Amino acid sequence: MQNNLKRTHHIQGLGLEHAGQRVVLNGWVNTRRDHGGLIFVDLRDRSGLIQVVFNPDISKAAFDLAERIRNEYVIAIAGLVNPRPEGTVNPNLETGQIEVFASELVVLNGAKTPPFYLDDDVEVDEGLRLRYRYLDLRRQEMKNNLLLRHKVVRSLRGFLDEQGFIDIETPILTASTPEGARDYLVPSRVHPGEFYALPQSPQLFKQILMVAGMERYYQVARCFRDEDLRADRQPEFTQLDIEMSFIDEDDVIGLSEAMISRAYKEALNLEIATPFPRLTYQEAMTTYGSDKPDNRFEMHIQDLTDLLQDSEFKVFAAAIKNKGVVRALNAKGCASFSRKEIDDLSQKATGLGAKGLAWIQVTAEGMKSPIIKFLTAEEIQAIISHLDAEPGDLLLFSADTEEVVARVLGGIRLELGQRLNLIDESLHSFLWVTEFPLLEWDEDEKRYVAVHHPFTSPRDPELLELEPQNATAMAYDLVLNGTEIGGGSIRIHQHSLQQKMFSLQGLSPQEVETKFGFLMEAFEYGAPPHGGIALGIDRLVMLMAGRDSIRDVIAFPKTQSASCPLTQAPSMVSEKQLQEINIKTIIK
RNA sequence: GGAGCUGUGGUGUAGUGGUUAACAUGUCGGCCUGUCAAGCCGAAGAUCGCGGGUUCAAGUCCCGUCAGCUCCGCCA
């Protein structure tokens, strides 16, 4: 260091017990209050804030220099810790009992005035924050988010280490696979015209590691998917990737629960009760209209199909006749909704694919509804009793295919939950969704596609043979507050079953050989039964931090158009670079 | 690919088609020895994202475009 003011203490932890000690502190000028004859500087380092007093009676030189320092200057100070005079203690500051009387000051570096406030609650434009991310990250809130992330990952690693998992790295430059998301491609210089792909997940490698006899693997793995962004989706994101041999679903679920509750304890000092509730996919879709239910509030969807079997009301009758369902929500206390509020809900329903949204306002004077005249007294009575409807309630109906009804009422339910403030934001509500369907028919491509991924084991291989559309998977998703934060499965480890799955999904033996030949071959050399899970670290930490975007828990995230305002990535490269990798661009 | 919202001094906002674009904060200068979002006095700072159009007149209305955000599609 170019001066003799080598740091002796970090700010956090300084207190009355240090009174009388000489300390040397390094950090940034958080704020400066110049009283003319006396200057206060709140000095900030990573750990915290402390008040430094510049008094000409203590050091004229330091005082004179302090008149010229500005916010975000990097300084070193030396001085004695003093208890603050009576009446000047600042209870809002961890170090508010004390202050440092500066006898020496060295300016280590000046700083331009930051383009936005660093210590305010003011909502600054996010583009600006990302462009000056190094300033944004100086803000306490962002610093806390990154610290929390560190604590969570440290806890997860510690737990897995104790449980006998080993951390193994897998390639970032790998082969493109046919299924799944769009790949990020990397041209090969050595092999003109050929490309690596960045991994969408280490899925195949971790299965190969099981064949290799590693038994318990984990990795904090970066994953890449070239799809459009959302508040909870970035083109590169971090997964805690786990794979285990000789285990079943309950083993993976139990391990995950223990691991997560410990992370909450170690990072947030919160107790999370285990085991987490489990819902089958079928239950989740029927009750919540979602495969990632937010169970922080009730308002369950109720099925009325049986009650309305013989209804004369065309909308209901037609849906039931077409093997669809009629289901409803009871929006408690919403009978007072204005026509416009109900119209808004209808519009939302239409947007979700509904043909309309039927409703009944239950009032002390009776039912108000455009559909009431189509229903018999018995039907109305049955609906009322099934939905526990009381005066003041608003009943909302959807009649269509099971899929549409689930999506519509699931969406309306979430909308109402937010609008009516039914969600306790302090909760961390976990649940498992199990027994996912294995396959889904893709009408466009006229073939089955894997709901989870093509390596997921069916619960019942015989059913897969007979009725593939009804086969369920040994797959499980972990949901936190209505957000999917993880998912996994027991994998297929037999060559023949894997071959069967591929062929159901329309892959020819040649394609399987080209794309997954190495996996298929590995399965012929003693593959143990295995399975695992991947947790979305960004989403988990986001929810733990109470944020609503994963950008707030990623040091250098990308914007919605997948660019980085700090580095300007992506950017043009030189003609020479392109030539070396045999690439010619066709734009511009 | 589509829908919506936003864009005004450095920052956050206000701004009926009509005078010199307002307020707060920050910045700069002056005063000030107990403040902690210090205070008081003063000053500078905006061609209202960009390009067209309508109009006697556009920050305001229309069209396009760019950027940011939210959502749908997409994300095995």
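In this report, we go over the structure that sits alongside the text. Everything numeric here is computed off the predicted structure, so don't read it as measured data. (Residues numbered from 1 in each chain as written. Chains lettered and ligands numbered in written order. Predicted model: local features only at pLDDT ≥ 70, side-chain atom pairs only at ≥ 80, totals over all residues. Heavy atoms only, no water.)

**Some details on the side chain of Asp42**
Here comes step 1: Here Asp42 is to be found in strand S2 (residues 39-45).
Here comes step 2: Among the polar contacts listed, one links the side chain of Asp42 to the side chain of Arg33, at a separation of 3.0 Å.
Here comes step 3: Those residues within four positions of Asp42 in sequence are excluded, and the remaining contacts are Trp28, Val29, Asn30, Thr31, Arg33, Leu49, Ile50 and Gln51. (Helix = DSSP H or I, 4+ residues; strand = E, 2+ residues; numbered from the N terminus. Polar contact = N/O pair within 3.5 Å; in protein donor to acceptor, adjacent residues only side chain to side chain. Contact = heavy atoms within 4.5 Å.)

**Some remarks on the protein's contact with RNA strand B**
Here comes step 1: The environment of RNA strand B is formed by 50 residues, the closest being Arg84, Thr88, Glu99, Glu227 and His452.
Here comes step 2: Looking at RNA strand B alone, sugar and phosphate atoms form 45% of those within 4 Å of the protein.
Here comes step 3: Within the contact set of RNA strand B, a base nitrogen lies 2.6 Å away from a side-chain nitrogen or oxygen of Arg84.
Here comes step 4: Within the contact set of RNA strand B, a sugar or linking oxygen lies 2.8 Å away from a backbone nitrogen or oxygen of Pro115. (Near = heavy atom within 4 Å.)

**Things to note about unusual backbone geometry**
Here comes step 1: Looking along the chain, the bond that leaves Thr274 and enters Pro275 is cis, with omega of -5 degrees.
Here comes step 2: In this chain, Ala569 is followed by Pro570 through a cis amide linkage whose omega measures 0 degrees.
Here comes step 3: The residue Asn481 is not glycine, and still its phi comes out positive at about 50 degrees.
Here comes step 4: Residue placement: Asn481 occurs in the loop between strand S20 (475-480) and strand S21 (483-490).
Here comes step 5: You can call Asn481 buried: its relative accessible area is 10%. (Buried < 20%, exposed > 50% of the residue type's maximum accessible area, 1.4 Å probe, protein only.)

**Structural notes on the packing of helix H9 (residues 339-351) against helix H11 (residues 402-419)**
Here comes step 1: H11 packs onto H9 with a crossing angle of 140 degrees between their chain directions and a minimal axis gap of 9 Å. With respect to their mutual orientation, H9 and H11 come out oblique. Here H9 runs over H11; the crossing is right-handed. In this structure, H9 uses Glu341, Asp344, Leu345, Lys348 and Ala349 to contact H11, whose residues at the interface are Val408, Gly411, Ile412, Glu415, Leu416 and Arg419. (Axes fitted to C-alpha atoms, helices over the stretch in contact; angles between N-to-C directions. Parallel < 35°, antiparallel > 145°, perpendicular 65-115°, else oblique. Left-handed = near helix turned anticlockwise from the far one by under 90°.)

**A closer look at the pattern of salt bridges**
Here comes step 1: Inspection of the entire model under this criterion finds 43 salt bridges.
Here comes step 2: Two residues, Asp64 and Lys60, come together in a salt bridge whose shortest N-O distance is 3.0 Å. Of the two residues, Asp64 and Lys60 both sit in helix H1 (residues 60-66), four residues apart, roughly one turn of that helix.
Here comes step 3: The partner of Glu465 in a salt bridge is Lys500, with the nearest N and O atoms 3.3 Å apart. With Glu465 in helix H12 (residues 461-466) and Lys500 in helix H13 (residues 495-504), this pair connects stretches of sequence that are 35 residues apart.
Here comes step 4: The network of salt bridges with common partners includes Arg129, Arg133, Asp136, Arg139, Glu141, Arg547 and Asp552. (Salt bridge = Lys/Arg side-chain N within 4 Å of Asp/Glu carboxyl O.)

**Structural notes on the sheet that holds strand S12 (residues 302-303)**
Here comes step 1: Pairing within the open sheet is antiparallel, and its five strands lie in the order S12-S13-S16-S14-S15. Each end of this open sheet is capped by a strand with a single partner; those strands are S12 and strand S15 (366-368).
Here comes step 2: With two bridges joining them, S12 and strand S13 (residues 325-331) adopt antiparallel strand pairing. Counterpart to Gln302 in the pairing with S13 is Ala328. (Pairing = 2+ DSSP bridges.)

**With respect to the pairing of strand S19 (residues 447-450)**
Here comes step 1: Residues Arg447 and Val449 line one face of S19 and the alternating positions Tyr448 and Ala450 line the opposite face, and both faces are buried.
Here comes step 2: Between strand S18 (residues 439-442) and S19, which pair antiparallel one after the other, the connecting turn spans four residues, and Lys446 there sits at a positive phi close to 55 degrees.

**Quick word on H13**
Here comes step 1: For H13, the full list of buried residues reads Leu497, Gln498, Met501, Phe502 and Leu504. What you see down the axis of H13 is that its buried residues fit within an arc of 165 degrees, all on one side.
Here comes step 2: In this structure, the buried residues of H13 make contact with S18, S19, H12 and helix H14 (509-522).
Here comes step 3: Backbone geometry just after H13 places Gly506 at a positive phi near 80 degrees. (Arc of directions from axis to C-beta.)

**Looking at helix H15 (residues 537-544)**
Here comes step 1: By the criterion of burial, H15 is predominantly enclosed, with eight of the eight residues buried.
Here comes step 2: Among all positions in H15, only Ile537, Asp538, Arg539, Leu540, Val541, Met542, Leu543 and Met544 are buried.
Here comes step 3: Just downstream of H15 lies Gly546, where phi reads positive at about 70 degrees.

**A short note on the pairing of strand S16 (residues 394-400)**
Here comes step 1: Across the seven residues of S16, seven count as buried, placing the element largely inside the fold.
Here comes step 2: Burial along S16 is two-sided: Leu394, Leu396, Ser398 and Asp400 and Leu395, Phe397 and Ala399, pointing in opposite directions, are all buried.
Here comes step 3: In terms of strand pairing, S13 meets S16 through seven bridges, oriented antiparallel. Across the sheet, Val326 pairs through a bridge with Ala399, a residue of S16.

**Structural notes on the environment of Lys323**
Here comes step 1: Structurally, Lys323 is set in the loop between helix H8 (314-321) and S13.
Here comes step 2: A relative accessible area of 80% means that Lys323 is categorised as exposed.
Here comes step 3: Along the sequence, Lys323 and Lys373 sit 50 residues apart, while their C-alpha atoms lie 24 Å from each other.

**What to know about the packing of aromatic side chains**
The geometry of two aromatic rings is summed up by the distance between their centres and the angle between their planes.
Here comes step 1: Evaluated as defined, the whole model comprises 13 aromatic pairs.
Here comes step 2: Centre to centre, the rings of Tyr132 and Tyr134 are 6.2 Å apart; their planes meet at 80 degrees, and the pair counts as edge-to-face.
Here comes step 3: On the basis of relative accessible area, Tyr132 is assigned to the buried category, the value being 19%.
Here comes step 4: Here Phe502 and Phe516 contribute two aromatic rings whose centre-to-centre distance is 4.8 Å and whose plane-to-plane angle is 10 degrees, an arrangement assigned as stacked. One end of the pair, Phe502, is in helix H13; the other, Phe516, is in helix H14, with 14 residues separating them in the sequence. (Phe/Tyr/Trp six-rings, centres within 6.5 Å; stacked < 30°, edge-to-face > 60°.)

Function cannot be read off these values alone, since they describe shape.
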